[in-house]
Amino acid sequence: MNIIQQLESELGKPADALPKINVGDDVEVDYLIREGDKERIQTFKGLVLAIQGRGIRKTMVVRRIVQGEGVERTFPLHSPRVHDIRVTKRGRVRRSKLFYMRDRVGKSTRTKERLGEKVRAEREAEKARRTAQASQAQDSSNEDGE
């Protein structure tokens, strides 16, 4: 095995830890923020404009509007600071990069929602994954308390 591939497999997150994300999806990214000596999780909600890279170097650009001003943030998907990613809406778009959304305001920023059996199956799989993680976390906290 190539040394780079070996490092990526050791340092990256497992494949089931990351949801299937596409350009045009509305996502919520829980990101670990450090303020002084305290750390907390902050949620960044927005539209995925672009996905770049592959493997451990994979990143996504998320855009949202805050007080009338557009804010974009690039998240490395395999970073330990990215705590969780949730897809709230699957978008149906025809481009791989949505940088034209930067010029749009108001209702023109909406994307069509992707519907169908495939999306329904993805939602159910995501829900099952979350309940499994929650029960796993609860089991570990019960072991600590005893």
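In this text, all values refer to a predicted model and were calculated from it rather than measured experimentally.

Student: Any chance you could break down the environment of Lys 112 for me, citing the residues and the numbers?
Tutor: Among the secondary structure elements, Lys 112 is positioned in strand S7 (residues 112–113). Given the relative accessible area of 55%, Lys 112 is considered exposed. In this structure Lys 112 touches Arg 90, Gly 91 and Arg 92, once residues within four positions along its chain are discounted.

Student: So what's going on with the layout of surface pockets? Residues and values would help.
Tutor: Computed from the structure, the largest pocket encloses a volume of approximately 280 Å³. Considering every element that reaches the lining of the largest pocket, the biggest residue donor is helix H2 (residues 117–145), with eight residues. Grouping the constituent residues of the lining of the largest pocket by class yields five nonpolar, one polar and nine charged.

Student: Describe the packing of aromatic side chains, naming the residues involved and giving the relevant values.
Tutor: Tallied over the full model, the rule gives two aromatic pairs. When the ring of Tyr 31 is compared with that of Phe 75, the centres are 5.3 Å apart and the planes differ by 65°; the resulting orientation is edge-to-face. Taken together, the residues Tyr 31 in strand S1 (residues 26–35) and Phe 75 in strand S4 (residues 69–76) connect sequence positions 44 residues apart. When sorted by exposure, Tyr 31 lands in the same class as Phe 75, which is buried. Each member of the aromatic cluster is reached from another via a ring pair, and the members are Tyr 31, Phe 44 and Phe 75. Just above the ring of Phe 44 sits the side chain of Arg 64; from NZ or CZ to the centre is 4.5 Å.

Student: I'd love a proper account of the pattern of salt bridges, names of residues and values included.
Tutor: One pass over the full model with this rule turns up 13 salt bridges. We note a salt bridge from Arg 86 to Asp 84, for which the minimum N-O separation is 3.4 Å. Between Arg 129 and Glu 126 there is a salt bridge, with the nearest N and O atoms lying 2.6 Å from each other. With Arg 129 and Glu 126 both in helix H2 and three residues apart, this pair spans about one turn of that helix. Looking at Arg 129, the relative accessible area reads 15%, which means it is buried. Overlapping salt bridges, with partners in common, bring together Glu 28, Asp 30, Asp 84, Arg 86, Glu 126, Arg 129 and Arg 130 in one network.

Student: Outline the confidence of the model for the protein chain, listing residues and values.
Tutor: As a note on interpretation, predicted positions should not be read in detail where pLDDT is low. For the protein chain, mean pLDDT is 87; residues scoring 70 or higher make up 96% of the total. The element-level mean pLDDT for the protein chain is lowest in H2, coming to 77, with strand S2 (residues 38–52) highest at 95.

Student: Explain a nonpolar patch on the surface to me, using residue names and the numbers behind them.
Tutor: Taken together, the side chains of Ile 3, Ile 4, Leu 7 and Leu 11 present a nonpolar region at the surface, about 420 Å² in accessible area. Note that Leu 7 resides in helix H1 (residues 3–11). Leu 7 sits in the partly exposed class, given a relative accessible area of 44%.

Student: Summarise the side chain of Arg 90; cite the residues concerned and give the values.
Tutor: With respect to the helices and strands, the residue Arg 90 is situated in the loop between strand S5 (82–89) and strand S6 (91–92). Classification of Arg 90 by relative accessible area gives buried; the value is 8%. A distance of 3.2 Å separates the side chain of Arg 90 from the side chain of Asp 25, its partner in a polar contact. Discounting residues that sit within four places of it in the chain, Arg 90 has contacts with Lys 20, Ile 21, Asn 22, Asp 25, Lys 112, Glu 113, Arg 114, Val 119 and Glu 122.

Thresholds, definitions, all that
Residues numbered from 1 in each chain as written. Predicted model: local features only at pLDDT ≥ 70, side-chain atom pairs only at ≥ 80, totals over all residues. Heavy atoms only, no water. Helix = DSSP H or I, 4+ residues; strand = E, 2+ residues; numbered from the N terminus. Buried < 20%, exposed > 50% of the residue type's maximum accessible area, 1.4 Å probe, protein only. Contact = heavy atoms within 4.5 Å. 1 Å grid on protein atoms, 1.4 Å probe; cavity = no way out; pocket = protein on both sides within 12 Å on 5 of 7 lines; lining within 4 Å. Points joined across faces, edges and corners; volume = space filled by probe spheres on them. Nonpolar A, V, L, I, M, F, W, Y, C, P; charged D, E, K, R; others polar. Phe/Tyr/Trp six-rings, centres within 6.5 Å; stacked < 30°, edge-to-face > 60°. Lys NZ or Arg CZ within 6 Å of the ring centre and 35° of its normal. Salt bridge = Lys/Arg side-chain N within 4 Å of Asp/Glu carboxyl O. pLDDT = per-residue confidence, 0-100. Patch = residues over 30% accessible without salt bridge, like charges linked within 9 Å, V, L, I, M, F, W, Y side chains within 5 Å. Areas by Shrake-Rupley, 256 points an atom, 1.4 Å probe, with all protein chains shown as cover. Polar contact = N/O pair within 3.5 Å; in protein donor to acceptor, adjacent residues only side chain to side chain.

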